[in-house]
Amino acid sequence: MANQKIPYLVPKGERWYWQPNAALRACGWKPVPLGKDETIARAKAHALNDDVDAWRQAAESQVAPTQAGGAVTVAELIHRYGQTAHYKRLRPNTRRGYAYAFRQIEAWCGDAAVRTLDVALIREWHEVTWKRYPTKAVRLLVALRIVLEHGVEAGLLDANPAGSVSPLQIVTGDRELWTPAEIDHMVATADELLDGNGRSFFSVGTAILLNFWLGQRLNDILRLQTSQILEGRISIQQQKTAARVVLPSHLVAVLSERLAQQIEHNATIMAGQSAQHLTLLVSESTLTPYHRPDDNTWHFSNRFRAVRDAAALTMPSCGSLTFQMLRHTTVTAMADAGCELPEIGAVSGHTLQSLTTILQRYLKPTTTQAENAFAKRLAASQRNPT
């Protein structure tokens, strides 16, 4: 009969080790070499696990008897949250993002009792993760806040310890914005590049130019139907917020021309195909829309990366561009042009109430904005000399 698996006991080559998970390591438990003899290693691992159990029991015993939920683990709380009506109402793409974050959280502290998580432990985990993966660290902290808040609402916690941990700032600087030269170069590269089957990336170039002016989320661009382009205007109901924007594409000659070329391009690549798609952006490699019913964007993202990598060969700055940055670029370009908040919101889809907060995320201060501010002050002082 095979030996029963012992938690945290792992072989490495000819030797055995007791390897605690991330949650235990964060609490001070360290890996222990157990030697080459499996029988001795198993006995030592059992003893170490007994020590861990005693430590957990001691931690849980410090909770007042009137406080419920001491024995509920983080993994169990995540499972309970996943069964709520609120979670099930989330869009598939949002649930997928949360599911990934929850798996990461479970790998860190899934078997720990919910009440053993405190502010210091969560802050240390966030800081360690942030050093290698800043964006991921922030998203995981947000997901943990949501789960623990569910614990508060269910009476398992008195307060949310993750709510007291401020996420570290992601310093990105100018790499949050595309330059006009990078736009032109990426579109030109997409138009010239061919894949291994001799098929172009024209649709990727269209998506880039389109969102340079529209500033929408990727899924809303990929879902765009040709019927939404009417009398020189593009009407979009945003998937995330249900906000509706009507964007005057006819005012931008290069954009109007590109949209007409894309529709003609679709007709050419789909010639002879039984299925004719109404979606504007169709993949040349699969002859199907980039948009999928489950909102998965991996196929477009892969083709975007192929264009970016090719563009970076002759313009290295393109190598760090992301499609999401186009939304930031659009908002900043409008601010540079002196647009008022209602005008920016009419394009981005944000309400006036949320614009101030949202612009702290999307708007990147530029030299042009500072020059505009000085010019307005000078103009005001000339009108009203003191």
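Now for a look at the structure at hand. (Residues numbered from 1 in each chain as written. Predicted model: local features only at pLDDT ≥ 70, side-chain atom pairs only at ≥ 80, totals over all residues. Heavy atoms only, no water.)

**Let's talk about the sheet that holds strand 2 (residues 15-18)**
If you trace the 3 strands from one edge of the open sheet to the other, you get 1-2-3, paired in antiparallel fashion. A single partner strand is all that each edge strand has here, and the edge strands are strand 1 (9-12) and strand 3 (32-35). Neighbour-to-neighbour, the strand axes of this sheet turn through a mean angle of 35°, independent of strand direction. Where strand 1 meets strand 2, 4 bridges bridge the pair, whose relative direction is antiparallel. Pairing of L9 across the sheet is with W18, part of strand 2. (Pairing = 2+ DSSP bridges. Helix = DSSP H or I, 4+ residues; strand = E, 2+ residues; numbered from the N terminus. Axes fitted to C-alpha atoms, helices over the stretch in contact; angles between N-to-C directions.)

**A word on the environment of T288**
Within the element layout of this structure, T288 appears in the loop between helix 11 (253-269) and helix 12 (298-312). Accessibility expressed as a relative area gives 29% for T288, which makes it partly exposed. Remark: the alpha-carbon pair of T288 and M270, spanning 18 residues in sequence, is separated by 9.2 Å. Looking at T288, its side chain comes within polar contact range of the side chain of T286, at 2.7 Å. (Buried < 20%, exposed > 50% of the residue type's maximum accessible area, 1.4 Å probe, protein only. Polar contact = N/O pair within 3.5 Å; in protein donor to acceptor, adjacent residues only side chain to side chain.)

**Let's talk about the packing of aromatic side chains**
All told, the structure shown has 12 aromatic pairs when counted by the stated rule. Feature note: the residues W178, Y290, F300, F304 and F323 constitute an aromatic cluster, connected by ring pairs. The positively charged end of K136 is found above the aromatic ring belonging to Y133, 5.0 Å away from the centroid. Directly above the ring of F202 sits R258, whose terminal nitrogen or CZ lies 3.7 Å from the centroid. (Phe/Tyr/Trp six-rings, centres within 6.5 Å; stacked < 30°, edge-to-face > 60°. Lys NZ or Arg CZ within 6 Å of the ring centre and 35° of its normal.)

**Let's talk about the sheet that holds strand 4 (residues 229-230)**
Spatially, 4-5-6 is the arrangement adopted by the 3 strands of the open sheet, whose pairing is antiparallel. Sheet topology places strand 4 and strand 6 (244-247) at the edges, where each strand pairs with a single neighbour. Relative to strand 5 (residues 233-237), strand 4 runs antiparallel, the two being bridged by 2 bridges. Residue pairing across strands places I229 opposite I234, the latter belonging to strand 5.

**Observations concerning the environment of A41**
Mapping A41 onto the fold places it in helix 2 (residues 38-61). For the pair A41 and R15, spaced 26 residues apart in the sequence, the C-alpha separation amounts to 8.9 Å. Residue contacts for A41: discarding those within four places in its chain leaves L9, W16 and L34. (Contact = heavy atoms within 4.5 Å.)

**Points about the packing of helix 6 (residues 119-132) against helix 7 (residues 134-153)**
Their axes nearest at 6 Å, the elements helix 6 and helix 7 cross at an angle of 150°. The orientation of helix 6 with respect to helix 7, classified from their angle, is roughly antiparallel. Contact residues: helix 6 offers I122, W125, H126, T129, W130 and R132, while helix 7 offers P134, A137, V138, L140, L141, L144 and L148. Of the residues in the contact of helix 6 with helix 7, the class split is 10 nonpolar, 2 polar and 1 charged. (Parallel < 35°, antiparallel > 145°, perpendicular 65-115°, else oblique. Nonpolar A, V, L, I, M, F, W, Y, C, P; charged D, E, K, R; others polar.)

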